[in-house]
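Here is how the chains run, residue by residue.
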Amino acid sequence: MLDLVIEGATVIDGTGAAGARTDVGVRDEAIAVVGDLSKERAGSRLNASGRVLAPGFIDMHSHSDWRLWGNRRAESKIRQGVTTEVVGNCGFSPAPVSAEFLDELRAFALYQPKGMDFSWRSVGDWLAAFDRDGTALNVVQLVGHGTLRIAAMGFARRPPSAAELATMQRLMADAMNAGAWGLSTGLIYAPGSWATTEEIVAVAQAAGRYRGFYASHIRGEGATLLAAVAEAIRVGREGGLPVQISHVKAAGRPNWGKVAEALALIDAARAEGLDVMGDVYPYTASSTTLRTILPDWALEGGVAAMVARLDDPDARARLRREMETPTPGAGVLDRVGFENIMISWCAKRKDAEGKRVTEIAAARGLDPIDAVFELLRDEGGSAYMILFQLDEADLRRALVHPWIMIGSDGSSLAPYGELGAGKPHPRSYGTFPRVLGEYAREQRLLPLAQAIHKMTGLPARRLGLTDRGHVRPGARADLVVLDPKQVADRATYEDPHRYPVGIEHVLVNGRFVIKHGEHTGSLPGRVLRPF
Ligand code: ZN
């Protein structure tokens, strides 16, 4: 006897193959059988004719480890059909934590939801603490190099000593044993930006030994894009582990078109036998912390030291000089003007949210650099921005590349409570439906089954997940039922906290989290462990 039969949907199984009309039977947490189930007995039946049934989507690039702690329902992701999120990206993870540098890590945190108190130390402790209260979707944790480096040596702007490097390697190995899936870097963010390639390779080797992979927000996404891709590939070669190039893009109009060359580097590495892939989100704006505008030396000693520098006339003059004549490839001001930078979130000066830096500056009678200094100081160094700096043609190239999968670079948000604040990048609400609706259906850029493959079978292959990412007997019942004629994103830059349409049912581990478009409150997700 089956628990559930989903009848008559066009099943797109995640392999990239076109769909076929059939039934899917679920028992406990797994898909028990696929085929004609019209005569099978089942606890309940769901008629899904005219709908597509697909494996639950895997968000290959997420930052929800800073958000789910405060709201386990994963609203903005589960409503897109996401059933697994890969978190700990861009060098940021909530563990490991050293008592000595706890304050530095708190300041480095992307967000700190209420109650997220860093009482854990190891990655194992963190995962256990997180798992205790349940979550709507499954979580795959990466370990951030920035977090590792802070645990070993704080915000020191120098190479690690032999002992500090050994500490980072030991913490990485411990994390792999405790259930982490690999190492991430954010090489534009201090302290990651202070690490040499050799340091990254040494830590990556510790992950590679345990079959982890390397996900990198590479050292440059503008003028130095190609050198940065080459560096990531070198880490894979010398570290002995697969490489995931995070959120592939070429930032800034002078660099538009370079995504083709970046993809060619990935192809060449694969031809050499290296396992290199990447991910992309379907938008032409990026988003990150506002302090990324500053030269990275401003972060030496940590965020509090950075804020103090904004009040020091000498440091301020030097910052201004370097921001007015930026070195190509350093920071973001070499490629994007203040009119294309929008403040998306800040804790105190809520009037700044949704406004361009040029508007904020004009309203306060300041020049844009002073307006940024003032805002960063008022916010204690913590604010976010959206940068309108990417090329649609580059995006389309990445979306159709066979080794590029979908990753939102967003988080599980919600239009209520603390997660409903500000005007965050719409990718947190719209990424997956936007690929399916705008790019697959409306623009016909790629077939629906290929788009779904990039959200399911391909990321499962990257992760080595054998029991998710496909619709087949024995696989875990992470499933999405969607209306292929309706599915679409609704979130915009002006009005981002909007759920998509056309995602009707979502099951995680065999249980409905979304049923008839509504959240059931069920929390069947869990922390996934590799192998
Ligand atoms: Zn990133």
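What this report covers is the structure whose coordinates are included nearby. Values in this document were obtained by computation on a predicted structure and should not be read as measured data.

How each quantity is defined
- Every chain is numbered on its own, with residues counted from 1 as its sequence reads.
- Only residues with pLDDT of 70 or above have their local features reported here, since the model is predicted, and side-chain atom pairs are shown and tallied only from 80 upward, although totals for entire chains, interfaces and linings are computed over all residues.
- As a convention, hydrogens and water are excluded, and side-chain values are obtained from all of the structure's heavy atoms.
- Runs of H or I in DSSP of at least four residues are treated as helices and runs of E of at least two as strands, each being numbered from the N terminus.
- The span expected for a helix works out to 1.5 Å for each residue beyond the first.
- Only protein chains enter the calculation, and the probe is 1.4 Å; a residue is then buried if its accessible area is under 20% of its type maximum, exposed if over 50%, and partly exposed in between.
- This arc corresponds to the set of directions leading from the helix axis out to the C-beta atoms.
- Here, residues are in contact when the closest pair of their heavy atoms is within 4.5 Å.
- Being paired, for any two strands, means DSSP has found at least two bridges between them.
- Here a polar contact is taken to be a pair of N or O atoms separated by no more than 3.5 Å, where protein atoms must pair a possible hydrogen donor with a possible acceptor and residues adjacent in sequence count only if both atoms sit in side chains.
- Only protein atoms enter the 1 Å grid used here. Points where a 1.4 Å probe fits but cannot escape make up a cavity, open sets with protein on both sides within 12 Å along at least five of seven lines make up a pocket, and a residue lines them when an atom lies within 4 Å of a point.
- Grid points are joined across faces, edges and corners, and a volume is the space filled by probe spheres set on the points.
- Classification convention: Asp, Glu, Lys, Arg as charged; Ala, Val, Leu, Ile, Met, Phe, Trp, Tyr, Cys, Pro as nonpolar; all other residues, Gly among them, as polar.
- For every domain, the bounds stem from an assignment made automatically or drawn from a database.
- Counted as salt bridges are all cases of a side-chain nitrogen of Lys or Arg within 4 Å of a carboxyl oxygen of Asp or Glu.

Along its 14 residues, helix H8 (residues 258-271) runs 20 Å from first to last C-alpha, staying within 8% of the 20 Å computed at 1.5 Å per residue. Within H8 the residues assigned to the buried category are Lys258, Val259, Ala262, Leu263, Ile266 and Ala269. Relative to the axis of H8, the buried residues are bounded by an arc of 150° and lie together on one face. Among the structural elements, helix H7 (225-239), strand E12 (243-245), strand E13 (276-280), helix H13 (392-400) and strand E17 (404-406) are those in contact with the buried residues of H8.

Looking now at the sheet that holds strand E10 (residues 182-186). Taking strand neighbours across the sheet as the criterion, the six strands line up as E9-E10-E11-E12-E13-E17 in an open arrangement whose pairing is parallel. One side of each edge strand has no neighbouring strand; the edge strands of this open sheet are strand E9 (143-144) and E17. Of the pairings in the sheet, the one linking strand E11 (residues 213-217) to E12 comprises three bridges and is parallel in character. Across the sheet, tyrosine 214 pairs through a bridge with valine 243, a residue of E12.

Now for the side chain of serine 428. By the element assignment, serine 428 lies in helix H14 (residues 427-442). Among the residues examined, serine 428 registers a relative accessible area of 5% and is labelled buried. Discounting residues that sit within four places of it in the chain, serine 428 has contacts with Ser76, Lys77, Gln80, Gly410, Ser411 and Leu413.

Attention shifts here to the side chain of histidine 425. Its location among the elements puts histidine 425 in the loop between E17 and H14. Side-chain polar atoms of histidine 425 contact the backbone oxygen of alanine 285, separated by 2.7 Å. Setting aside its immediate chain neighbours within four residues, histidine 425 contacts Tyr281, Tyr283, Ala285, Ser286, Ser287, Ile386 and Tyr493.

Here we take up empty space enclosed by the protein. Where empty space is left in the structure can be found by rolling a water-sized probe over the atoms. What the rule picks out here adds up to seven cavities of 30 Å³ or more. Counted as a void, the largest cavity has a volume near 440 Å³. In terms of lining, the largest cavity is formed by 34 residues, of which the most central are Ser287, Thr288, Tyr384, Asp409 and Arg427. Elements that contribute at least two residues to the lining of the largest cavity include exactly strand E14 (285-289), strand E15 (341-346), strand E16 (383-388) and H14. Class assignment for the residues of the lining of the largest cavity results in 14 nonpolar, 14 polar and six charged. Among the domains, domain 1 (57-284 + 390-434) and domain 2 (289-387) are the pair contributing at least three residues each to the lining of the largest cavity.

For the structure on display, the rule yields 38 salt bridges. The salt bridge involving arginine 158 is made with glutamate 164; its shortest N-O contact spans 2.9 Å. Arginine 158 sits in the partly exposed class, given a relative accessible area of 36%. Of the charged contacts, one joins arginine 434 and aspartate 489 as a salt bridge, the two residues approaching to 3.4 Å between their closest N and O atoms. Linking arginine 434 in helix H14 with aspartate 489 in the loop between strand E18 (479-482) and strand E19 (503-508), this pair joins segments that are 55 residues apart in sequence.

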